[in-house]
Amino acid sequence: MSMMLLAQACATGITNGLIYALVGLGMAVIFKGSRLINAMHGELAVVGAATAVYCVEIAMWPTWLAVTMGMLIAMVLSTLVDIGLVRRLFNRNAREESFLLLTVGLGFTFSAAVLYVFGREEHLLPAFGDEIYEVAGAIIREQTIWIVGIAAFILIGLKLFYKYTDFGLAMMAASIDPDGAATTGINVRLMRTATFALGGLMAAVAGLLVTPMIGVSYQMGPILTLKGFAAAVLGGLTNPLGALVGGITIGLLESLSIVYISSGLKDAVALSVLIVIMILVPDGILGRSGRKGG
Amino acid sequence: MLTVSNLTAGYGVPNILQGLDITVRPGEMVGLVGANGAGKTTLVRVLAGLLPARGGSITINGSDTTNVPAHARPKLGLAIVLENRNLFGELTVAENLRLAERAGANRPKKFDIPRIVEMFPAVGEKMAVRCDLLSGGQQQMVAIARALLLQPDVVIMDEPSTGLAPKVVKAILEVLRGLCSEGMSIVLIEQNIGIASSVTQRAYVLSTGRIVHHVADGGWPAFLHDPHLVSRYLGQH
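Rules used in this analysis
Residues numbered from 1 in each chain as written. Chains lettered and ligands numbered in written order. Predicted model: local features only at pLDDT ≥ 70, side-chain atom pairs only at ≥ 80, totals over all residues. Helix = DSSP H or I, 4+ residues; strand = E, 2+ residues; numbered from the N terminus. Rg over C-alpha atoms; globule rule 2.2 N^0.38 Å. Buried ≥ 20, exposed ≤ 12 C-beta atoms within 10 Å, placed from the backbone. Contact = placed C-beta atoms within 7 Å. Axes fitted to C-alpha atoms, helices over the stretch in contact; angles between N-to-C directions. Left-handed = near helix turned anticlockwise from the far one by under 90°. Nonpolar A, V, L, I, M, F, W, Y, C, P; charged D, E, K, R; others polar. UniProt positions renumbered as here; feature names shortened; annotations may be inferred. Parallel < 35°, antiparallel > 145°, perpendicular 65-115°, else oblique. Pairing = 2+ DSSP bridges.

With that settled, consider the overall build of chain A. Within chain A, the regular secondary structure consists of 11 helices and 2 strands. Secondary structure elements of chain A, listed N to C terminal, follow the sequence α-α-α-α-β-β-α-α-α-α-α-α-α. At 19 Å, chain A has a C-alpha radius of gyration in line with the 19 Å of a compact globule built from 294 residues. Taken over the C-alpha atoms alone, chain A extends approximately 60 × 50 × 35 Å along its principal axes. Taking all 294 residues of chain A together, 52% fall into the buried category. Put simply, of all contacts in chain A between residues at least 6 apart along the chain, 76% involve residues at least 24 apart.

This is how it looks when you write it as structure tokens:
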């Protein structure tokens, strides 16, 4: 096996891993701010990307405006889910499984809506750039560089937001202890809504970044949710940096499985290794100290 | 000043709180004592706004707060230290206090971090430590510090002595006495009659959701020497 092939596998694995990481980052943000597993996160990414595709292909809008609209729609949709449904479940003291079932059901609904509007075809967005680079024998597209840059920007932005802004701190406090937060003057419901809005925005960013490389379709949501969730759990669930490490780990495992074992077994190998990692370090790769993250 | 009039509340049918009347004047530390199941924690949750009142009213400094949401009550001068402290365990002590400082920013400033550190030196030493890594006593001090940074006029303390060493309890009670002498109103909710009688001027005895006895100012010795009252309402001897 040549070094060039290995380098290419690593480059592809890191690119895919960063997409999983971006989805996982959004799920970590929602878990961090609400203690809920958002099982519709991949579908929100698809809705954001599909909206942008619609604006470019049908409405003939410029790409930047279409991308903005994609982010806005996913953010508004996520916010409405919180205000219209999640809040009602909280008011009725619903348990975790109710929230999980709600977001699973909504995920299917969003997929069905995308199928209704777009049909079964895959749609691509224009790439952010068309340059191709060669690094250590591996071919790297400019879109990958954008993904790396935006992932780093989001990670650092989230770190600063949670650590240094009162609003970010209040969002974390509201999820850690709602009663303690309310008696400390924090509007817990508002914080949860803000969390869902931020999560929706992040889902759209992930969807918009992947769509120039892999065509968006109604079937894409569940696999993004699954891989993103695995990335987030692997990283400790509340820790954005952990989601990044987890996503890249999954991407690399998949890609190396394709090269060294079989493409048909990539998911089985990657997820089996994840199970082993979770048994060995149940608090995630970064351990207990990384759970707060930021 | 805190006034509770004919307050009713509960989780199902019938009501747990059945028409409570309580008054706490400025600078007073008033006890609220009762056995397990008397309704103390339900009362705290209603005062905090975490459980809606079904009837009656709650007034703080003349403002009716009965239907004010929990997060808006600190702005009216109310701070609550819940029984299990409800700190943000994954955040540091400094971050817990910062959130309270922000919430109390629009109220007349009586407490700041240097003053808190002076009152509780142990809090000052642990500013960068996550709250879930603190001892029970340190957590209680942080919980009180967080409540004080809301700049309250009335503080409700729910069983502050639970699970703490006598030395720590003594230190905390000493701080509460000092706060009262500055004009703060404190409601001390306690199951431990010894602690309640040692620091409060007077007290309400709660049993099955009703105020069944009022220990008047200076009335603690008589109450404690009446074994019938103590055993009947508090289940203690």
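Read on, since the account is not over.
Residues and elements named next belong to chain B. Despite not being glycine, asparagine 6 has its phi angle at roughly 50°, a positive value. If you trace the backbone, asparagine 6 turns up in strand S1 (residues 2-9). Phi is positive for glutamate 159, which is not a glycine, with a value near 45°. The topology assignment puts glutamate 159 in the loop between strand S7 (154-158) and helix H6 (166-181). Here glutamate 159 falls in the buried class, since 20 other C-beta atoms lie within 10 Å of it.

Residue and element names in this part refer to chain A. Taken N-terminus to C-terminus, the directions of helix H2 (residues 41-57) and helix H3 (residues 63-91) make an angle of 145°; their axes are 8 Å apart at the nearest point. Helix-helix and strand crossings are classified by hand; for H2 and H3 the assignment is right-handed. The segment H2 lies against H3, with Leu44, Val47, Gly48, Ala49, Thr51, Ala52, Cys55 and Val56 engaging Thr63, Leu65, Ala66, Val67, Met69, Gly70, Met71, Ile73, Ala74, Leu77 and Ser78. Tallied by class, the residues present in the contact of H2 with H3 amount to 14 nonpolar, 5 polar and no charged.

All names here are of chain A. Per the UniProt record, "transmembrane region" (unreviewed entry) is found at residues 6-31, 67-86, 98-118, 144-162, 196-221, 241-261 and 268-286. For residues 67-86, the end-to-end C-alpha separation is 27 Å, with 100% helix and 0% strand making up the annotated structure. With 100% helix and 0% strand, residues 144-162 has its two end C-alpha atoms placed 27 Å apart.

Let us look at the interface of chain B and chain A. Listed per partner, the contact involves 22 residues of chain B and 18 residues of chain A. Here the side of chain B that touches chain A takes 6 residues from helix H2 (residues 93-103) of chain B, the largest share from any one element. Residue composition of the side of chain B that touches chain A, grouped by class: 13 nonpolar, 3 polar and 6 charged.

Residue and element names in this part refer to chain A. Two elements in contact, H3 and helix H4 (residues 96-118), have axes separated by 10 Å at closest approach and are oriented at 150°. Classified by the angle between their axes, H3 and H4 sit roughly antiparallel to one another. Classified by chirality, the crossing of H4 by H3 is right-handed. Residues Val81, Leu85, Val86 and Leu89 of H3 lie in contact with H4, whose contacting residues are Ser98, Phe99, Leu102 and Leu106.

Further remarks concern the environment of Ala94(B). All names here are of chain B. Topologically, alanine 94 is positioned in helix H2. Alanine 94 sits in the partly exposed class, given 14 other C-beta atoms within 10 Å. Sequence separation between alanine 94 and asparagine 106 is 12 residues; the distance between their C-alpha atoms is 20 Å. In this structure, alanine 94 is in contact with Met127 and Ala128, ignoring residues within four places of it in sequence.

Once that is clear, we can look at the sheet that holds strand S2 (residues 17-24) of chain B. Residue and element names in this part refer to chain B. Reading across the sheet, the 4 strands line up as S2-S1-S4-S5 and stay open at both edges, with antiparallel pairing between neighbours. Bordering the open sheet on either side are S2 and strand S5 (63-64), each of which pairs with just one other strand. Alignment of strand S4 (residues 55-60) against S5, held across 2 bridges, turns out to be antiparallel. Counterpart to isoleucine 60 in the pairing with S5 is serine 63.

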